[in-house]
Amino acid sequence: MSPIGGRVWKESGKRMYWFILAYLLLLALPCTGFLPNFWSRVLTLSWDSHTHQYITEQAILNVTLETLKSSKKHQAEEQTRLGRSFWRAVGEVVKSNAAMDFLSSTRSDPVYHFDSERVDSALVMLRQFWAQTLLSVRAEEYQSARHSLGQLCHSLQDFYSHSNWVEMGHHSIYHHLLQPEEPAVPVANADTPTCMECFSDTCRNNLLPRLTNSQQHSQLLTTGYFSTSPPKPRGKCSHGGILDSSRYMEAKGGINKDSTSPFFSPHYYLHVEAATLATEATLSVLRDLRDTVGHTSFLRLFSVKQAPALVFVIDTTGSMFEEITAARLRAHSIIQSQANSPGQAGTFLLIPFHDPVVGPVYETSDPNQFMEYMNNLIALGGGDEPEMCLSAIQLALTHSPPLSEIFVFTDASPKDAHLFDTVKALALEKQSKVTLLHVESAQDLVSSHSFRVDSSVKNVTLHIIGVLKECILTSPSDKSQSLLGESGPFAELEQFEGLYRINMFPPIQPGQWRVHAKSDGHLTFNVIGDSSIDFLYYFATVSNDTHPGLARVEGSPVAGVPAFLVLAVTGLVPDNEASFSHVTLLGAKGENLQRVKLNSSSSSSSSSSSSHSMDQLVGWVDSVPRVPFCVRLTGRDTTGKKLERVSTEMVQPTHVQIQVLSVPRLVPGHSSVVDYSILNHGPARLFSLSMEDDCGYLHNRGPHRFHVTEHGSFHDQVNLHTPATAQAGATVTLTLTVRALDSADSNYAVAYLTVVPLDPDTLPPSCSAAGGQFTCPSICSLSNWSVSLVVSDRGRSGLAALQLQRGEGALMLYLNPPPTEDSIRTAQSGLHKHQAHRDQTTSMGRHYHHLYKARIERGDLPLNVSEWASSQPLWVRYTSSCCSAQAELLVWDTAGNMKRCHLMPGQQRQQRDKSTETNGTEHITLTALSYFFVFVLLWFHLL
């Protein structure tokens, strides 16, 4: 990819105009946190600042590639590019992260940002985010998991920018944040001064000496106060910067390290150190998550190498016999066309329905199993109009991942028409494509379709639904082939009942192709091609509340107003570079509505040469069209040939917005409240609000009617009650749709609410030293080292599993202390008779053989120990050659809490205090006390 010179606007005059305008806007705004996203660097003129977006994207990318490389299954595919689904999943995490700075319910709350010395409350919140993420991943509710993961990353990253952790001289992350059993640094009391007066933009050395003390036993933790909520006590540190009103209160100044700009960050000179630790902490969390849920679930969380789901919603009433047969053929043709493609669907879903039954959902990743489900479908009785079509589509949308393709086969109108807005909102939010196949009245229709093929597109297939009378394919060189006639040079056509599949022969000539068709009735036309290059986009506005950055517009954009258009181009590789100059907003008939120039402002420029890169582009839309439109991206490849990509969804502009302001956790047996706000960008008028959830937890679904003044707003709440029987980890999809009663204006908001236990176990297991060899000789091949430890659960869940993550040795598991040569010699020295010694030794050997449970080596799957070791300690002995001097043991409890235990020979015990590698690490070495401990245990056992 050839970025456009690092410029934001090409014309220097226009660029300076926007800089000045943005800067003046920001003078009235407060600011907290690392800067939210890539555009924040433009608004604050701090081009080299590390943003929440950059830190999060890079950490996810690095751990994902690391996970792929460690998997034998994917080693041959390491060069495969991460595609659109992956970057959309990353985008969901980034969006949730940035929303902490934009939503009114979180942007000014110090608990979410480690502000105002609310450290203890922030720790509780942080650990709740971790528990919720874990629950959602284990329940395969990946969208909910990405939401809570984004919140977790934001708070975690803010700690390093807002606290004095860096100023105390720490070069490693604060493990206690997510590991409560790790050593904690006390927080300064409310009446303890923390800062001195600062009278310049650069507040060097304004922390009181104890707040910068590197001696661990005498350290105190503090975080800066922001604005006036809560009020800053005298002598406390401020967040600081030109946007923080508390900086004028004693002690004047501030300590934030959010950016490299001294105007916004008094400790700007420590920004890189804070960002480095925030990155390490984010990497640590992602690795802990991966190792807790497993590599497969971690990759699914980010939709790695997993194509969108293929979903069939089928009416099974008696009149649908022929359509069910057609659906089987359609499914079979799609599966066949994808069989040899890297984009094969990762999962298949089938949702049958007939009045009044909807479902169940049949889901599988095996295409043969899916076809078996399809073949077992039978047309039942009924056939009376209408049917429960929209309920079935709603079920399909809530169970399928984003970007899925949903095929609906029915010949009846919907009985549940009240769900139309909900289904439309879910389809737009997930960017899923729903294709409806209906019986149409017979009439002669002539249509022409065109599509562009570039050098990066392979395996092009055209799918047509309807009844063709004529179909002619024309190449860019203006040569034609009749597809309903004899075979030709460009493609072959396969025909089913009302279904056509056109397979184009390679090599496919780049350029504009055309299809001219005559049909008997309505036609649906789709083109599918494999290409590494794709794009995602969203509309955004400059935040005018508490944080500088681009706030994403949720739902449909507002018609007739200016907005930024942000695009993420995926799949660009060094050997196939491309540059994109503009997008065109196209009307429903393909007409050009507006051309939008693009410039590069990538948040991940350091990875631009990677085969896994994503380029960030931004354009200014003078006025969002007032009619439906789609987005066409245009550029050139390295040879100068034209590249085009067109979005599949139509954007529906509107004059009303709806925003969910709070997303509470759902607790079984309790009620919850969701706050929302409606903004009217038109004249005073009446609106109707409908709400739906897929689990039946809502108290009242509406519709509710209310009046909103011209350019006014309306705030209210949604009440839900979670039954006591609700399963922890389950996700409730809440959809709110607002519609004007005097026009077609409507909009939607979708929230994912997670069920969490009332009192979860958050304490991880522990590893305690119980003995081992003290040193290794200088020639490592001459000896082995060993270490024994006791593994137990600190909480009430019980031990669940163990895995040797690193190390070339072997782990032996016992239900009692394992025998060692030293312990046997110690026991022998207390026995006076030779025969007694022999009998005792033999008996002891038989006893320990009986207590031996398992052997674990690196590469083995996690060993389930819940059936025989959940409620009691487990003794583990690790033995390895001295040439492999380190090992890592992972221990889980049944609540999902994980502990990393680092094992090493005794001569490395000086590293015991260097806890820089991994979150929640315990180093196990031998001491004289542990020898004594083994001896006492063994002696009492022999007695």
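Positions within a chain are numbered from 1, following the residues in the order the chain's sequence is written. Per-residue local features of the predicted model are confined to residues with pLDDT of at least 70, and side-chain atom pairs are confined, for both listing and counting, to 80 or more; whole-chain, interface and lining totals are unaffected and use all residues. For side-chain calculations, the full set of non-hydrogen atoms in the structure is used, while hydrogens and water are omitted.

### Points about the nonpolar core
Side chains that are nonpolar tend, in soluble globular proteins, to be buried together. Working definition of a nonpolar core: buried Ala, Val, Leu, Ile, Met, Phe, Trp, Tyr and Cys residues. They are joined through side-chain atoms within 4.5 Å. Relative accessible area decides the class of each residue, using a 1.4 Å probe on protein chains only: under 20% of the type maximum gives buried, over 50% gives exposed, and in between gives partly exposed. One finds Phe86, Leu149, Tyr160, Trp165, Leu177 and Phe302 to be the most contacted residues of the largest nonpolar core, which totals 61 residues. By definition, any uninterrupted DSSP run of H or I lasting at least four residues is a helix, any uninterrupted run of E lasting at least two residues is a strand, and each is numbered from the N terminus. Elements represented by at least two residues in this core include exactly helix H3 (52-70), helix H4 (84-102), helix H5 (110-113), helix H6 (119-138), helix H7 (142-162), helix H8 (271-293) and helix H9 (295-301). It is H8 that provides the largest number of residues to this core, a total of 10 residues. Discounting chain neighbours no more than four positions away, the residues touching Leu177 are Phe114, Leu123, Leu126, Arg127, Leu156, Phe159 and Tyr160. Core analysis: the next-biggest nonpolar cluster, separate from the first, contains 27 residues, Leu689, Leu698, Ala726 and Leu734 among them. Every residue pair with non-hydrogen atoms within 4.5 Å of one another is taken to be in contact.

### Comments concerning the pairing of strand E24 (residues 671-680)
Here, strands pair whenever DSSP counts at least two bridges between them. As paired strands, strand E23 (residues 656-660) and E24 are joined by five bridges and run antiparallel to one another. Of the residues in E24, the one forming a bridge with Ile658 is Ile678. Strand direction decides the pairing type here: E24 and strand E27 (residues 713-721), joined by nine bridges, are antiparallel. If you follow Val674 over to E27, its bridge partner there is Val718.

### As for the state of the cysteines
By definition, disulfides here are pairs of cysteine sulfur atoms that lie within 2.5 Å. One pass over the structure, following the stated rule, counts four disulfides. A sulfur-sulfur distance of 2.1 Å marks the disulfide that ties Cys198 to Cys203. Taking the torsion about the sulfur-sulfur bond, which here is approximately -95°, the covalent link between Cys198 and Cys203 counts as left-handed. Taken individually, Cys198 and Cys203 each receive the classification buried, so the pair is uniform in this respect. Disulfide pairing is shown between Cys767 and Cys901; the S-S distance is 1.7 Å. Taking the torsion about the S-S bond as the criterion, the Cys767 to Cys901 disulfide, at about 55°, is right-handed. Of the two residues, Cys767 is situated in strand E30 (residues 765-772) and Cys901 in strand E38 (residues 898-903); the sequence distance between them amounts to 134 residues. Both residues of the pair, Cys767 and Cys901, belong to the buried class.

### With respect to the side chain of Thr347
Its location among the elements puts Thr347 in the loop between helix H10 (321-338) and strand E2 (348-354). Think of a polar contact as two N or O atoms within 3.5 Å of one another; within protein, one of them needs to be a possible hydrogen donor and the other a possible acceptor, and neighboring residues in sequence only count if both atoms come from side chains. Within the structure, the side chain of Thr347 is placed 3.5 Å from the side chain of Glu363, a separation counted as a polar contact.

### Observations concerning the packing of helix H12 (residues 389-399) against helix H13 (residues 420-430)
With axes taken as lines fitted to C-alpha atoms, and helix axes fitted only over the stretch in contact, angles between N-to-C directions fall between 0 and 180 degrees. Remark: H12 packs on H13, axes separated minimally by 9 Å, with the N-to-C direction vectors making an angle of 25°. The pairing of H12 with H13 is recorded here as roughly parallel in orientation. Both H12 and H13 take part in a crossing whose hand is left-handed. Taken together, the residues of H13 that come into contact with H12 (itself represented by Leu390, Ile393, Gln394, Leu397 and Thr398) are Phe420, Thr422, Val423, Leu426, Ala427 and Lys430. Residue composition of the contact of H12 with H13, by class: seven nonpolar, three polar and one charged. Every angle not falling under 35 degrees, over 145, or within 65 to 115 is termed oblique; those three ranges are roughly parallel, roughly antiparallel and roughly perpendicular. Each crossing gets its hand from how the near helix is turned against the far one by less than a right angle, where anticlockwise is left-handed and clockwise is right-handed. Ten residue types, Ala, Val, Leu, Ile, Met, Phe, Trp, Tyr, Cys and Pro, are classed as nonpolar, four, Asp, Glu, Lys and Arg, as charged, and the remainder, Gly among them, as polar.

### Observations regarding the pairing of strand E36 (residues 874-881)
Note that strand E31 (residues 784-793) and E36 share eight bridges and pair antiparallel. Residue Asn784 lies in a different strand from E36, and its bridge partner there is Ser881. Here strand E33 (residues 810-814) pairs with E36 via five bridges, running antiparallel. Within E36, the residue paired with Tyr814 across the bridge is Trp875.

### Examining the packing of aromatic side chains
For this analysis, a ring pair means two rings from Phe, Tyr or Trp (six-membered ring only for Trp) whose centres lie within 6.5 Å, classed as stacked if their planes differ by under 30 degrees, edge-to-face if by over 60, and tilted for the remaining angles. Scanning all chains against the criterion turns up 22 aromatic pairs. For the pair Phe159 and Tyr174, a centre-to-centre distance of 5.5 Å together with 25° between the ring planes defines the contact as stacked. One end of the pair, Phe159, is in helix H7; the other, Tyr174, is in the loop between H7 and H8, with 15 residues separating them in the sequence. Just as Phe159 is buried, Tyr174 falls in that class too. A ring pair is formed by Phe687 and Phe706, whose centres lie 6.3 Å apart and whose planes are at 25°; its orientation type is stacked. Pair noted here: Phe687 is in strand E25 (residues 685-693) and Phe706 is in strand E26 (residues 704-708), with a separation of 19 residues, a long-range link. Classification of Phe706 by relative accessible area gives buried; the value is 8%.

### Here's the deal with the pattern of salt bridges
Opposite charge on two side chains permits pairing when their charged atoms draw close. Put simply, a salt bridge is a Lys or Arg side-chain nitrogen that is within 4 Å of an Asp or Glu carboxyl oxygen. Applying the stated criterion across every chain yields a total of 27 salt bridges. Here Asp742 ties to Arg685 by a salt bridge, and the two come within 3.8 Å at their closest N and O atoms. Highlighted residues: Asp742 in the loop between strand E28 (731-740) and strand E29 (746-754) and Arg685 in strand E25, separated in sequence by 57 residues. Through salt bridges with shared partners, a single network forms among Glu66, Arg287, Asp288, Arg290, Asp291, Glu888 and Arg900.

As far as function goes, none of this settles anything; it's purely spatial.
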